[in-house]
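# Structural characterization, general
For reference, the chains in residue letters:
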Amino acid sequence: MPLHDLLPALTLMLHTLGLVICLVGLTMARHPRRKRLGQVLAGLGFLIAASPMLGQLTGLIPPPPATPLVPN
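Now for a quick tour of the structure. Because the structure is predicted, anything quoted here is derived from the model rather than measured.

Cut-offs applied
- Every chain is numbered on its own, with residues counted from 1 as its sequence reads.
- Predicted model: local features are reported for residues with pLDDT of at least 70 only, side-chain atom pairs are reported and counted for 80 or more only, and whole-chain, interface and lining totals are derived from all residues.
- As a convention, hydrogens and water are excluded, and side-chain values are obtained from all of the structure's heavy atoms.
- Only residues above 30% relative accessible area that lack a salt bridge enter a patch, with like-charged residues linked at up to 9 Å and the nonpolar side chains Val, Leu, Ile, Met, Phe, Trp and Tyr linked at up to 5 Å.
- Residue-level accessible areas treat just the shown protein chains as cover; the underlying method is Shrake-Rupley with a 1.4 Å probe.
- For salt bridges, the criterion is a side-chain nitrogen of Lys or Arg within 4 Å of an Asp or Glu carboxyl oxygen.
- Put simply, DSSP H or I for four residues or longer makes a helix, DSSP E for two residues or longer makes a strand, and each gets a number counted from the N terminus.
- The reported bend at a residue is simply the angle between two axes, fitted to the 7 residues ending at it and to the 7 residues beginning with it.
- Working definition: with a 1.4 Å probe on protein chains only, accessible area under 20% of the residue-type maximum means buried, over 50% means exposed, and in between means partly exposed.
- By definition in these notes, contact holds between two residues if any of their heavy atoms fall within 4.5 Å.

## Let's talk about a nonpolar patch on the surface
A surface patch of nonpolar side chains, amounting to about 500 Å² of accessible area, comprises Met 1, Leu 3, Leu 6, Leu 10 and Met 13. If you trace the backbone, Met 13 turns up in helix α1 (residues 3-28).

The following block contains the structure:
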């Protein structure tokens, strides 16, 4: 199965996982003892959530094939 067929499901999964990790990191960053770990987790969560878009921008994930327009 081509990657562009799986991309919508992978995008939803990675956005959700990245959001949860980012929120956990931001919650941890509120405590002075865990500030650095929380900041690292928040950054990692952002990178996970943005990875589908970054992959397409850098060319690692090819764009979906264009469908021809059929005139009416």
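## Some words on helix α2 (residues 35-58)
Where α2 bends most, the angle comes to about 55°, and this point is Ser 51, followed within four residues by the proline Pro 52. All of the buried residues along α2 are Gly 38, Ala 42, Gly 45, Ile 48, Ala 49, Ala 50, Pro 52 and Gly 55. The inward-facing, buried residues of α2 contact α1. A positive backbone phi angle near 90° is found at Gly 59, which sits one or two residues after α2.

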